[in-house]
Amino acid sequence: MAAYDWFFDTVGLREWCNASKSEGTMSMADLLAKAKGGASETSWWEVPFPSLDTLNKSCDSVMRTRDFTASIEQAFLGVKDNLKVVLDPITQPLSWMLDGALALFVGTPWWLLIALILMLTYYASRNVLVTIFVAFSFFLLAFIDHYTYAVQTLSIIFVCTILSVLFGVPLGIAMSKSNTFQRFTIPILDMLQTLPSFVYLIPLIFLFSVTESKLYGIAIIMYAIVPVVRLTDLGIRLVDKDVIEAADAFGMTSRQKLFGVEIPLALPNIMAGVNQTIMMALAMVVIASLVSAPGLGTLVLRGIRNLELGVGLVSGFAIVLLAVVLDRVSKASLARINAAQSH
Amino acid sequence: MGMDNVATENTINTAPSAPAKVVIRDLFKIFGSDPKMGLQQVRNGVNKTDLLDQHGQVLGLRDINVEMGEGQITVIMGLSGSGKSTLIRHLNRLIEPTAGEILVDGVDVMSYSATQLRELRQSQMSMVFQKFALLPHRTVLQNAGMAMRIRGDQEDAINAEAAKWLDRVGLQGVGNQYPHQLSGGMQQRVGIARALTSNAPIMLMDEAFSALDPLIRTDMQNLLLELQKDLHKTIVFITHDLDEALKIADHLVILKDGHIVQQGEPQDILLNPSDPYIEDFVGDINRARVLRARSVMEPLVGEPPADAQGQVDHDDTLESIIARSGGDISHGYVVTKDNVPVGTLNMTALLKALVPRISSDSGARNY
Ligand SMILES: Nc1ncnc2c1ncn2[C@@H]1O[C@H](COP(=O)(O)OP(=O)(O)O)[C@@H](O)[C@H]1O
Ligand SMILES: [Mg+2]
């Protein structure tokens, strides 16, 4: 006699319950209960919460929690093949880009790549101190033989940031133009940002094979795209209403307004978003080493797995150094844009 | 304000009432969730305060009828919140009316498609803003050429035209600077150059000089009058400052709580305020500086009197006539227009005209 028999009896669902009476697999708890053979009355003090498992004891038609999770899995596996047909070709270029960039970055001689990076740094930031700092960091990383790992990490961040901006900026613009679209998008962005990164690795692992680089690419982009979307939306909404009115009063088309006024004036905010996107891509690329993303993260993982304290700490330090480099360079470029626009 | 300013004003105010370029008919604007209902209430006589308290709708404009003469400066004046900005934004449909017509060259702007409306804004109406509203990321030259660039003109032509108008408003050699590097007065000169470069016959100016220091402001008013002498644009000018309004207006429209209290020739309004509200307004004005001989003179009957102390032009200000008389109130003058006698003016009548009317009585016109 289980705790909630009375409920199904009074509501008149007994027949429905008995209809699917089956001797399926029993849980350990069921077996134990059966062995005790106790059809004891439960006292009110010990009444269990009417969870799926408890209700199942009174009525076989109610599914148990493990059946529930299993059915979710089944449902997911059911649509998986169809989803794959659509998603695989769409996302395939991502794998090519990631693999291509990786091969290119690693294949370039170290002196050439470092020189290019330094030139890019100076061009973007126009700041000698930052450039010197970047040079110092790369030589240090190379000196302790972390150069290749760092460059692998960098290549992934490079591809993922470019794609985040490519998709995020138009998305942010669309959000700034439509309140309805914004209302609909913000909860999704909130979710992407608050979900622990491990959680959305799970469906991705099912959807794509762990050996494909697009798996971690998607995970990183989903996580890192959020700030650039948000700040593009915000930036465009914050553009001086008077200037927008002037643009309208002189008969600009919405296209002229977007490219001639709104995006240029929102640029400081958009660049702040890009800075955050880069930092989040770095955070995620370390975690993504769990799903075979190469780079510094694999060293951290090795440190944890094999309890190699030194390896873990040094690679952790390398990640911090890389983070500071990326942050300084993007902030310095941002400062340059702000200075050019100060008004 | 010196004598040379007075001279510029003279030439403008002689313009006879011109054919209407812009006509506003039966215009109503209600802001809120249910403008149609608000409109019904307002037509039934509900006033602005009650409309807001009882129906939650804001009365923007009520029953506006104005004709703006071609080549004239129509000034719309009123206190803050009286609906001036709302009114001027109806002309280029930055704000859509709840009811009414806006005719430009006889065509209702409300019938325009989106493309026609853009065309109107690009080449028929330019606008100058209180907060300048220049593009901060573009140089002064690029800002001045904005309207032509929007229209898609040739870059060379744009820059030549923009440079020409920058010169004309007194901004030589700053074309390559950015707006934030200029003072407020200079920025507004760029704003005016931008409006002129568009070469539109109608120019809308929403409190264009209100953000400027008094001295700069006087400069800008003189600049505008001087430009207008050559350009003959149809200008709609908004201000909350009566001195400014009287200085530049050919036609003055006074707004209060979204409706027109009085409109007409500025001199007329000054001498015949129709309403205690306007009497209040005009009470503080230096009337000697604003009133002119033609508004105060006796029309000439027969021959000009022989005992007159001399001739004054019909557009001379009373201030200049007082200066000429040396304060002798026994003097009398013959008023001439284009050197033909049109009236007589004695100092006693002149002095009477300087006293603001306290209560509304009739027949004030012929002091
Ligand atoms: N978008 C709007 N929504 C609601 N009320 C408005 C809006 N724009 C203007 N108003 C109201 O209309 C009235 C006139 O405003 P405005 O034309 O800006 O006055 P002014 O330019 O004379 O200072 C004010 O009471 C203002 O609160
Ligand atoms: Mg205003």
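Residues numbered from 1 in each chain as written. Chains lettered and ligands numbered in written order. Predicted model: local features only at pLDDT ≥ 70, side-chain atom pairs only at ≥ 80, totals over all residues. Heavy atoms only, no water.

## Regarding the site of ligand 1
Residues and elements named next belong to chain B.
Reasoning step 1: Taken together, F31, K48, V58, L79, S80, G81, S82, G83, K84, S85 and T86 make up the full set of residues near ligand 1.
Reasoning step 2: Here an oxygen atom of ligand 1 and a backbone polar atom of K84 are 2.9 Å apart.
Reasoning step 3: Within the side chain of T86, a nitrogen or oxygen atom sits 2.4 Å from an oxygen atom of ligand 1.
Reasoning step 4: Isolated, ligand 1 exposes 560 Å² of accessible area, and the fraction of that covered by the protein chains is 60%.
Reasoning step 5: Tallying contributions element by element places helix α4 (residues 84–91) first for the shell around ligand 1, with three residues. (Near = heavy atom within 4 Å. Polar contact = N/O pair within 3.5 Å; in protein donor to acceptor, adjacent residues only side chain to side chain. Areas by Shrake-Rupley, 256 points an atom, 1.4 Å probe, with all protein chains shown as cover. Helix = DSSP H or I, 4+ residues; strand = E, 2+ residues; numbered from the N terminus.)

## What about unusual backbone geometry?
Reasoning step 1: Even without a glycine there, the phi angle at L307 of chain A is positive, about 50 degrees.
Reasoning step 2: Here L307 of chain A lies in the loop between α14 (296–305) and α15 (309–341).
Reasoning step 3: A positive phi is found at F132 of chain B, a non-glycine position, where the angle reads about 65 degrees.
Reasoning step 4: By secondary structure assignment, the location of F132 of chain B is in the loop between β6 (125–128) and α6 (140–144).

## Quick word on the domain arrangement of chain A
Accessible area lost on assembly of the parts is the figure often given for the size of an interface.
Reasoning step 1: Parsing chain A into structural domains produces domain 1 (5–62) and domain 2 (70–342).
Reasoning step 2: Each of domain 1 of chain A and domain 2 of chain A has a C-alpha centre, and these two points are 51 Å apart. (Domains from an automatic or database assignment.)

## Concerning the sheet that holds strand β4 (residues 99–104) of chain B
Residue and element names in this part refer to chain B.
Reasoning step 1: With antiparallel pairing, four strands are arranged side by side in an open sheet as β2-β1-β4-β5. Where the open sheet ends on each side, the last strands, each with one partner, are β2 (58–69) and β5 (107–108).
Reasoning step 2: Taken together, the eight bridges between strand β1 (residues 20–31) and β2 define a ladder with antiparallel strand orientation. Each bridged residue has a counterpart across the sheet, and for F31 the counterpart in β2 is V58.
Reasoning step 3: Across the sheet, helix α2 (residues 35–43) is in contact with β1, β2 and β4; its angle to β1 comes to roughly 105 degrees. (Pairing = 2+ DSSP bridges. Contact = heavy atoms within 4.5 Å. Axes fitted to C-alpha atoms, helices over the stretch in contact; angles between N-to-C directions.)

## Some words on the interface of chain A and chain B
Reasoning step 1: In this assembly, 19 residues from chain A lie in contact with 25 residues from chain B.
Reasoning step 2: Summed over both partners, the interface of chain A with chain B comes to about 1800 Å²; 68% of that surface belongs to carbon and sulfur atoms.
Reasoning step 3: The three residues of chain A that bury the most area against chain B are E245, A249 and F250 of chain A, which together make up 36% of that side's buried surface.
Reasoning step 4: At the boundary of chain A with chain B, the tally comes to two salt bridges.
Reasoning step 5: With its nearest N and O atoms 3.9 Å apart, the salt bridge here joins K131 of chain B to D242 of chain A.
Reasoning step 6: For the pair chain A and chain B, the interface holds five residue pairs in polar contact (both at pLDDT 80 or more).
Reasoning step 7: Broken down by secondary-structure element, the contributors of at least two residues to the side of chain A that touches chain B are α12 (241–249) and α13 (254–287) of chain A.
Reasoning step 8: Considering every element that reaches the side of chain A that touches chain B, the biggest residue donor is α12 of chain A, with seven residues.
Reasoning step 9: The residue makeup of the side of chain A that touches chain B, split by class, is nine nonpolar, seven polar and three charged. (Buried area = accessible area lost by both parts, 1.4 Å probe. Salt bridge = Lys/Arg side-chain N within 4 Å of Asp/Glu carboxyl O. Nonpolar A, V, L, I, M, F, W, Y, C, P; charged D, E, K, R; others polar.)

## Points about the state of the cysteines
Where two cysteines share a covalent bond between their sulfur atoms, that bond is called a disulfide.
Residues and elements named next belong to chain A.
Reasoning step 1: Considering all chains together, one arrives at one disulfide over all chains under this definition.
Reasoning step 2: A sulfur-sulfur separation of 1.9 Å characterises the disulfide bridge that pairs C17 with C59. Disulfide C17 to C59: torsion about the S-S bond roughly -100 degrees, handedness left-handed. Here C59 lies in the loop between α4 (52–58) and α5 (65–107) and C17 lies in helix α2 (residues 14–19), a separation of 42 residues in the sequence.
Reasoning step 3: For C59, a relative accessible area of 0% puts it in the buried group. (Disulfide = S-S within 2.5 Å. Buried < 20%, exposed > 50% of the residue type's maximum accessible area, 1.4 Å probe, protein only.)

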